[in-house]
Amino acid sequence: MVVVKPIGIAKNDRAEIEDDNWEGIETRIILDDAFLTDALDGIEEFSHLEVLFHFHKVEEEKIIAGARHPRNDERLPKVGIFAQRGKNRPNRIGLTTVKLLKREGRILVVAGMDCIDGTPVIDIKPVMKEFLPKGQVRQPAWVDEIMRNYW
């Protein structure tokens, strides 16, 4: 069995679950007391971080194990849950690349974290260009449509 414990919590002004309009949202990631402040030492040298978090407000009965229309929009093709980034995932794990604005002791202030206030943070990793994809990134046209108002 895998047990994952949050390493911190995300605090921001976004209380309602929405799919769009994340630009301008600043989030404070507050490291749990179980971790020493030096767990973040050196992180300020990175411009961006990858943050894994838990979609804690998604109810168990709303989890999707197969295919669905992204955002339940029947104009879009029906694709498997692992071919989209919806929150109703089997393990309810979110992943976002954020811009690190500053560190204040045990707190990271970031931009671009698409989560609501009180979201449990599972892990934080620095973005290193060597881990970014090489070459062109390909995606279907429906992604352009649903991401139009995301940021």
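Residues numbered from 1 in each chain as written. Predicted model: local features only at pLDDT ≥ 70, side-chain atom pairs only at ≥ 80, totals over all residues. Heavy atoms only, no water.

**What about the environment of Leu76?**
Now for step 1: Secondary-structure assignment places Leu76 in the loop between β4 (67–68) and β5 (79–80).
Now for step 2: Since its relative accessible area comes to 3%, Leu76 is described here as buried.
Now for step 3: Along the sequence, Leu76 and His54 sit 22 residues apart, while their C-alpha atoms lie 26 Å from each other.
Now for step 4: Those residues in contact with Leu76 that sit more than four places away from it in its chain are His69, Pro70, Trp142, Glu145 and Ile146. (Helix = DSSP H or I, 4+ residues; strand = E, 2+ residues; numbered from the N terminus. Buried < 20%, exposed > 50% of the residue type's maximum accessible area, 1.4 Å probe, protein only. Contact = heavy atoms within 4.5 Å.)

**What to know about the sheet that holds strand β8 (residues 119–126)**
Now for step 1: Overall, antiparallel pairing links the six strands, which are arranged β1-β2-β7-β6-β3-β8 in a closed barrel. Geometrically, the sheet is characterised by an average inter-axis angle of 45 degrees between neighbouring strands, direction not taken into account.
Now for step 2: Sheet topology note: the strand β2 (residues 26–31)/strand β7 (residues 107–111) ladder contains five bridges and is antiparallel. Bridge pairing in β7 links Glu26 to Ala111. (Pairing = 2+ DSSP bridges. Axes fitted to C-alpha atoms, helices over the stretch in contact; angles between N-to-C directions.)

**Some remarks on the packing of aromatic side chains**
Now for step 1: Taken as a whole and judged by the stated rule, the model has one aromatic pair.
Now for step 2: Between Phe53 and Phe55, the aromatic rings sit 5.2 Å apart at their centres with planes inclined by 80 degrees, giving edge-to-face as the arrangement.
Now for step 3: Judged by its relative accessible area of 17%, Phe55 is buried. (Phe/Tyr/Trp six-rings, centres within 6.5 Å; stacked < 30°, edge-to-face > 60°.)

**Side note on the pattern of salt bridges**
Now for step 1: As enumerated under the stated definition, the model contains eight salt bridges in all.
Now for step 2: Close ionic contact of Lys102 with Glu104 constitutes a salt bridge, the shortest N to O distance being 3.1 Å.
Now for step 3: Owing to a relative accessible area of 42%, Lys102 belongs among the partly exposed residues under this scheme.
Now for step 4: Assessed through its relative accessible area of 36%, Glu104 is described here as partly exposed.
Now for step 5: One network of salt bridges, with partners in common, ties together Asp41, Glu44 and Arg103. (Salt bridge = Lys/Arg side-chain N within 4 Å of Asp/Glu carboxyl O.)

**Brief notes about the layout of surface pockets**
Now for step 1: The volume enclosed by the largest pocket comes to roughly 1,200 Å³.
Now for step 2: Considering the residues around the largest pocket, the lining is formed by 41 residues, among which Arg85, Gly86, Asp114, Met147 and Tyr150 are closest to the centre.
Now for step 3: Of all the elements in the fold, those that place two or more residues in the lining of the largest pocket are β3 (48–54), β6 (93–104) and α1 (141–147).
Now for step 4: Residue contributions to the lining of the largest pocket peak at five residues, all from β6.
Now for step 5: Among the residues forming the lining of the largest pocket, the class breakdown is 20 nonpolar, 11 polar and 10 charged.
Now for step 6: Roughly 180 Å³ of volume is contained in the second largest pocket.
Now for step 7: As for the second largest pocket, its lining consists of Val2, Val4, Pro6, His54, Asn91, Arg92, Ile93, Pro120 and Ile122.
Now for step 8: Considered class by class, the residues forming the lining of the second largest pocket number six nonpolar, two polar and one charged. (1 Å grid on protein atoms, 1.4 Å probe; cavity = no way out; pocket = protein on both sides within 12 Å on 5 of 7 lines; lining within 4 Å. Points joined across faces, edges and corners; volume = space filled by probe spheres on them. Nonpolar A, V, L, I, M, F, W, Y, C, P; charged D, E, K, R; others polar.)

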